[in-house]
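Structure assessment
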Amino acid sequence: MAYGAIALIPPAVVIILAIKQKTSFEPLLIGCLVGYAIIGFHDKTNFFTNFVDSFEKVLGDSASVWVILVCGLYGSLIGLMVRSGGTMKFGEWALTKIKTKRGALMGAWGLGLFIFLDDYMSALTVGFSMKKITDAFKIPREKLAYIVNTTAAPWCVVVPLSTWTIFVGNILETSHVAAKGQGLVTYWKIIPFVSYGYVSVLIIPLFIYGIIPWFGKLKKADIRAEETGQLVASEFNDVATLDVSPMNPAKQSKLVYFLIPIAVLLIATIVLDKDALKGVMVAVAFTFIYYLVIKVGSFKQLSETMFGGFSSMLYALAILMMSYVLKDVNDKMGLTQYVLHAASPYLNKEFLPVIVFVSLSLISVTTGSSWGLYAIAIPLVVPLAQHFGSNVLLNCGAVISAGVFGANACLYSDATVLTAQSTECNNLDHGLSQLPYATIAFALSSVVYIIMGFTIH
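Below is a short write-up of the structure. Because the structure is a prediction, the values reported are computed rather than measured.

Looking only at helices and strands, the protein chain has 23 helices and zero strands in total. The C-alpha atoms of the protein chain give a radius of gyration of 22 Å, which matches the 23 Å a tight globule of 457 residues would have. For the C-alpha atoms alone, the extent of the protein chain along its principal axes is close to 70 × 50 × 50 Å. Taken over 457 residues, the protein chain has a buried fraction of 56%. Considering only intrachain contacts with a sequence separation of at least 6, the fraction spanning at least 24 residues in the protein chain is 80%. Entry remark: accessible area of the protein chain is about 18000 Å², with carbon and sulfur atoms responsible for 69%. Considering the protein chain, the positive charge centre built from 30 side chains and the negative charge centre built from 26 side chains are found 8 Å apart.

Dropping the structure here:
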C-alpha cells in the first residue's frame with residue numbers, strides 16, 4: 001500500500017514495451033528491473049540484489065518447479081507423438097471427417113471441451129494436434145490460437161473437476177468459506193457464478209457460424225490467409241524447433257500412436273490425485289516404453305526426442321518464469337491491495353460483484369497471474385462481501401472470472417504463451433488478435449455481474 005499508484009508502473013512498462021517491440025521476454029525483464037529499481041529507491045536497498053533474490057526465489061519455489069516440469073514433459077510427450085507419426089495420422093483421420101473451415105474450427109472447439117482436466121494439457125494438446133487440420137483449410141494460426149486459448153482456462157473453471165477447481169477449492173477451505181474437506185463441493189456451488197467462463201466459451205460457436213461476424217486482426221488474418229496463403233502474421237519466436245521427422249521411416253504410422261498416449265495421459269491424471277505432473281510423467285514413461293517395444297524408434301532416438309521436446313518449451317518457460325518475477329514485484333509493491341483499496345469508496349452490496357470482477361481483472365491482465373491472484377484476493381474479498389452483506393459465493397465467482405480473463409487477455413500469461421507455442425503463432429500476434437474477443441466476453445460478464453448483484457442475495 002505504501003507505493004500507491006506507483007505499483008502500476010512495472011506492468012505498464014511491460015505492456016507498452018511488449019506492444020512496441022512485438023516480443024515478450026525482454027519487456028518482462030525490463031519491467032521487473034524497473035520495479036526493483038523503484039523498490040530499491042524506496043527502501044534504500046540494492047535493486048539488482050533484490051532482482052536476483054527474487055529470481056532465485058521464483059526458480060526455487062515448488063510451484064515454479066511444478067510448472068517447469070509439467071510444461072517440459074508435455075513438450076516431451078508431444079515430441080514423441082509427433083515423431084511417431086501418430087499426430088500426423090490423427091490429422092489425416094480428422095481430415096476425412098472434417099470437410100469445411102467451419103467444421104475444422106468446431107473440431108478445435110470440441111476437442112478443447114473434451115480435454116478439460118487442465119488448461120496446460122488442453123492448450124498444448126489441442127494446438128499441436130489441430131494445426132495440420134486448420135492449415136489444410138487455410139485457417140490462420142491466430143484464429144486457431146484464439147479458440148485453443150478460450151477453451152482452455154475458461155472451460156477448466158466451469159467443469160466440476162479440473163486442476164483449477166481443486167486449487168480454488170483448497171483456497172476456499174483456508175479462507176474458511178468451506179469446511180475442511182468440503183472445498184471442491186463448495187466450488188461446485190460457485191460454478192453458476194463464474195460468468196466469464198461460460199460467456200467466453202459459448203460465444204466461440206457464434207463467431208464460427210457467423211452469427212457474430214469476425215472483426216479486427218482475426219478478420220484481417222482470414223483475408224491474408226485466403227489471398228496469400230500465409231497462415232502466420234510474423235515469425236514464430238522459438239529458440240528450439242521441435243524435430244518432426246519420423247524416427248523410423250520404415251515403420252508405418254498409425255492413429256493409435258496418438259490415441260493411446262492421450263488416453264493414458266487423461267486416465268493417469270484422473271487416477272493420480274488429478275495432478276497434471278503425475279499424469280504427464282506416467283504418460284511420457286508409458287509412451288517411451290510403448291514406442292520402444294513396437295519399434296517406432298530406437299532407445300537413443302526416443303531419448304533424444306524426449307529431451308528435444310522438453311527443450312522446445314524453453315522459450316515459453318523463460319517467459320513464464322519472468323512473469324512470475326513480475327508477480328513478485330507486484331506483490332512487494334502491494335498492487336492487489338492498492339486496486340481494491342482504490343475501489344473501496346465505490347463499493348456497495350449490489351455493485352460489489354462487478355467491482356470485484358473489474359478491479360481484479362485489471363490486476364490479472366497487468367500481472368499475468370491467475371492462481372496467484374486467487375491466493376491473495378479470495379481471502380481479501382470474502383470478508384469484504386460479508387461486511388457489505390453481498391453473496392460470498394457470487395463474489396468468489398467474480399474473483400475466479402477475473403483470473404480467467406487475465407489468462408486470456410494478458411499478452412504474457414501462461415495461457416497465451418503456451419497457446420502460441422502449441423500453435424506456432426507469434427506470442428504478440430496471438431495476444432493482440434485475441435484481446436478484442438476477450439474484451440467482448442469481459443463486457444458481457446460485467447453486465448451479468450451487475451444483474452446478479454441486484455438479484456442474488
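Back to the write-up after that little detour.
It is worth spelling out the pattern of salt bridges at this point. Taken as a whole, this structure holds nine salt bridges when the rule is applied. Here Lys131 and Glu424 are joined by a salt bridge, their closest N and O atoms 3.2 Å apart. One end of the pair, Lys131, is in helix H7 (residues 119-136); the other, Glu424, is in the loop between helix H22 (414-423) and helix H23 (427-455), and 293 residues separate them in sequence. In this structure Glu424 comes out as partly exposed when scored by relative accessible area, which is 31%. A salt bridge links Asp135 to Arg141; the nearest nitrogen and oxygen atoms lie 2.6 Å apart. Using a relative accessible area of 23% as the deciding quantity, one classes Asp135 as partly exposed. Of the residues examined, Arg141 reaches a relative accessible area of 11% and is grouped as buried. A cluster of three or more residues bridged by salt bridges with shared partners is formed by Lys57, Asp328 and Lys332.

Bringing the side chain of Lys131 into the picture now. Look at Lys131 and you get buried, because its relative accessible area is 10%. Apart from residues lying up to four places away in sequence, Lys131 is in contact with Arg141, Leu144, Ser422, Thr423 and Glu424.

The backbone phi angle of Lys44 is positive, close to 60 degrees, even though this residue is not glycine. Considering the arrangement of structural elements, one finds Lys44 in the loop between helix H2 (25-43) and helix H3 (47-60). Lys44 sits in the exposed class, given a relative accessible area of 76%. Here the phi dihedral of Lys138 falls at roughly 55 degrees; this positive angle occurs in a residue that is not glycine. Tracing the chain through its elements places Lys138 in the loop between H7 and helix H8 (141-150).

A separate point is the packing of aromatic side chains. Following the criterion strictly, the structure yields 25 aromatic pairs and no others. An aromatic cluster is defined as three or more aromatic residues linked by ring pairs; in this entry it consists of Tyr36, Phe47, Phe48, Phe51 and Phe55. One residue, Lys143, lies across the ring of Trp214, its end atom 4.1 Å from the ring centre.

With that settled, the discussion passes to the nonpolar core. Grouped together as the largest cluster of nonpolar side chains are 144 residues, with contacts concentrated most on Tyr74, Tyr146, Leu360, Tyr374 and Ile378. With residues up to four places along the chain from it excluded, the contact list for Tyr374 reads Trp164, Phe167, Val168, Ile171, Pro379, Val399, Ile400, Gly403 and Val404.

This next bit is on helix H14 (residues 256-271). Across its 16 residues, H14 extends 22 Å between first and last C-alpha, which sits within 8% of the 22 Å expected from 1.5 Å per residue. At the C-terminal side of H14, Asp273 shows a positive phi close to 65 degrees.

What follows covers the environment of Phe442. Note on placement: Phe442 falls in helix H23. Along the chain, Phe442 and Met313 lie 129 residues apart, while their C-alpha atoms are 30 Å from each other. With near-sequence residues (within four places) excluded, Phe442 lies in contact with Tyr196, Phe357, Val358, Ser361 and Phe405.

Judged by side-chain polarity, Ile267, Ile270, Val271, Leu272 and Val282 come together as a nonpolar surface patch covering roughly 400 Å² of accessible area. The exposure class of Ile270 is partly exposed, given its relative accessible area of 38%.

Below, the discussion takes up the packing of helix H6 (residues 101-114) against helix H12 (residues 195-208). Where H6 contacts H12, the axes come no closer than 10 Å and their chain directions differ by 170 degrees. Looking at the two axes, H6 sits roughly antiparallel to H12. Across the interface between the two elements, Arg102, Leu105, Met106, Trp109 and Leu113 of H6 pack against Val201, Ile204, Pro205 and Ile208 of H12.

How two helices sit against one another is set out by the angle between their axes and by the gap between those axes. Two numbers describe how helix H4 (residues 62-84) lies on H14: the axes approach to 9 Å, and their chain directions differ by 160 degrees. Between H4 and H14, the angle falls in the class roughly antiparallel. Crossing handedness for the pair H4 and H14: right-handed. In contact with Tyr74, Leu77, Met81 and Ser84 of H4, H14 contributes Tyr257, Phe258, Pro261, Ile262 and Leu265. Counted by class, the contact of H4 with H14 contains eight nonpolar, one polar and no charged residues.

Thresholds, definitions, all that
- Sequence order as written defines the numbering, with residues in each chain counted from 1.
- Only residues with pLDDT of 70 or above have their local features reported here, since the model is predicted, and side-chain atom pairs are shown and tallied only from 80 upward, although totals for entire chains, interfaces and linings are computed over all residues.
- Side-chain metrics rest on all non-hydrogen atoms present in the structure, leaving aside hydrogens and water.
- The numbering of helices and of strands both runs from the N terminus, where a helix is a DSSP run of H or I of at least 4 residues and a strand a run of E of at least 2.
- In this setup the radius of gyration rests on C-alpha atoms only. A globule is expected at 2.2 Å times the number of residues raised to 0.38.
- Summary of the burial criterion: residues with accessible area below 20% of their type's maximum are buried, those above 50% are exposed, and those between are partly exposed, where the area comes from a 1.4 Å probe applied to protein chains only.
- The contact definition used throughout considers only heavy atoms, calling two residues in contact when any of these lie within 4.5 Å.
- The accessible surface values rely on the Shrake-Rupley method and a 1.4 Å probe; as for residues, cover is taken only from the protein chains in view.
- Charged residues are defined narrowly, with Lys and Arg counted positive, Asp and Glu counted negative, and His plus the chain ends left uncounted.
- Every charge is mapped to an atom, namely NZ of Lys, CZ of Arg, CG of Asp or CD of Glu.
- Think of a salt bridge as a Lys or Arg side-chain nitrogen and an Asp or Glu carboxyl oxygen that are within 4 Å of each other.
- Aromatic pairing here means that ring centres of Phe, Tyr or Trp (its six-membered ring) are within 6.5 Å. Orientation follows from the plane angle: under 30 degrees is stacked, over 60 is edge-to-face, and everything else is tilted.
- Definition used: whenever NZ (Lys) or CZ (Arg) falls within 6 Å of the ring centre and also within 35 degrees of the ring normal, the charge is taken to sit over that ring.
- Remark: nonpolar core denotes a set of buried residues (Ala, Val, Leu, Ile, Met, Phe, Trp, Tyr, Cys) joined through side-chain atoms within 4.5 Å.
- To estimate how far a helix should reach, multiply one less than its number of residues by 1.5 Å.
- Candidate patch residues must exceed 30% relative accessible area and have no salt bridge, after which like charges are joined if within 9 Å and Val, Leu, Ile, Met, Phe, Trp or Tyr side chains if within 5 Å.
- Inter-axis angles, ranging from 0 to 180 degrees, are taken between N-to-C directions of lines fitted to C-alpha atoms, where helices are fitted over the stretch in contact.
- When describing relative orientation, an angle under 35 degrees is termed roughly parallel and one over 145 degrees roughly antiparallel, while 65 to 115 degrees is termed roughly perpendicular and anything else oblique.
- The sense of a crossing depends on the near helix, which, turned anticlockwise from the far helix by less than a right angle, makes the crossing left-handed and, turned clockwise, makes it right-handed.
- Amino acids outside the nonpolar list (Ala, Val, Leu, Ile, Met, Phe, Trp, Tyr, Cys, Pro) and the charged list (Asp, Glu, Lys, Arg) are all regarded as polar, and Gly is one of them.

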